[in-house]
Amino acid sequence: VDGQQAQALATPVLAIFLLCNGFIVSKASAPAFLKWIFAISPNGYAMQAITLNLAEGGGAAGQSMLARTGYVAGENGKGVAILLSMIVVLRLLQLVALKFLHRVQK
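Note that the coordinates shown come from a computational prediction; the quantities given were computed from them, not determined experimentally.

K.L.:
What is the right way to read the overall build of the protein chain from this model?
P.N.:
The number of helices and strands found in the protein chain is five helices and zero strands. Seen in sequence order, the protein chain has helices and strands lined up from the N terminus as α-α-α-α-α. Its C-alpha atoms give the protein chain a radius of gyration of 18 Å, clearly above 13 Å, the size a compact globule of 106 residues would have. When the backbone C-alpha atoms are referred to their principal axes, the protein chain occupies close to 65 × 25 × 25 Å. The buried share of the protein chain, reckoned over its 106 residues, is 21%. If you take every contact in the protein chain between residues at least 6 apart in sequence, the share linking residues at least 24 apart comes to 57%. Put simply, the protein chain shows about 7600 Å² of open surface, and 70% of that area lies on carbon and sulfur atoms.

Have a look at this one:
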């Protein structure tokens, strides 16, 4: 698998995370079968932190934005934990794939 093929395989996963970041498909409006994506989406946690920060001084408009997106305060630590765990798990999967799937001819 070369770099271009790896990027092509990663595109659908990245597209799902980008669609479910809270603005295109929000937590409040997502169907039940998509709710789990928000729990593991690093983009979603980043957008939530940015939006919460901006909404603090936004008055009624900021609160309206939070109600529309379904963002809640206090999940920054959870977002960091999800991101770090994804890094570890995906790195381990990469090592397993390199060990068992990559046949180097000597």
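K.L.:
Just to check I follow, could you spell out the nonpolar core for this structure?
P.N.:
Considering soluble globular proteins, one finds that nonpolar side chains tend to be buried as a cluster. Membership of the largest hydrophobic core is limited to five residues, which are F17, C20, A30, I37 and F38. Ignoring anything within four residues of it in the chain, the contact list for A30 reads V25, K35 and F38.

K.L.:
Sorry, what's going on with the side chain of E75 here?
P.N.:
Examined against the element boundaries, E75 turns out to sit in the loop between helix 4 (59-69) and helix 5 (76-101). Excluding its chain neighbours within four sequence positions, the residues that come into contact with E75 are K27, Y45 and Q48.

Procedures and definitions
Residues numbered from 1 in each chain as written. Predicted model: local features only at pLDDT ≥ 70, side-chain atom pairs only at ≥ 80, totals over all residues. Heavy atoms only, no water. Helix = DSSP H or I, 4+ residues; strand = E, 2+ residues; numbered from the N terminus. Rg over C-alpha atoms; globule rule 2.2 N^0.38 Å. Buried < 20%, exposed > 50% of the residue type's maximum accessible area, 1.4 Å probe, protein only. Contact = heavy atoms within 4.5 Å. Areas by Shrake-Rupley, 256 points an atom, 1.4 Å probe, with all protein chains shown as cover. Core = buried A, V, L, I, M, F, W, Y, C linked by side-chain atoms within 4.5 Å.

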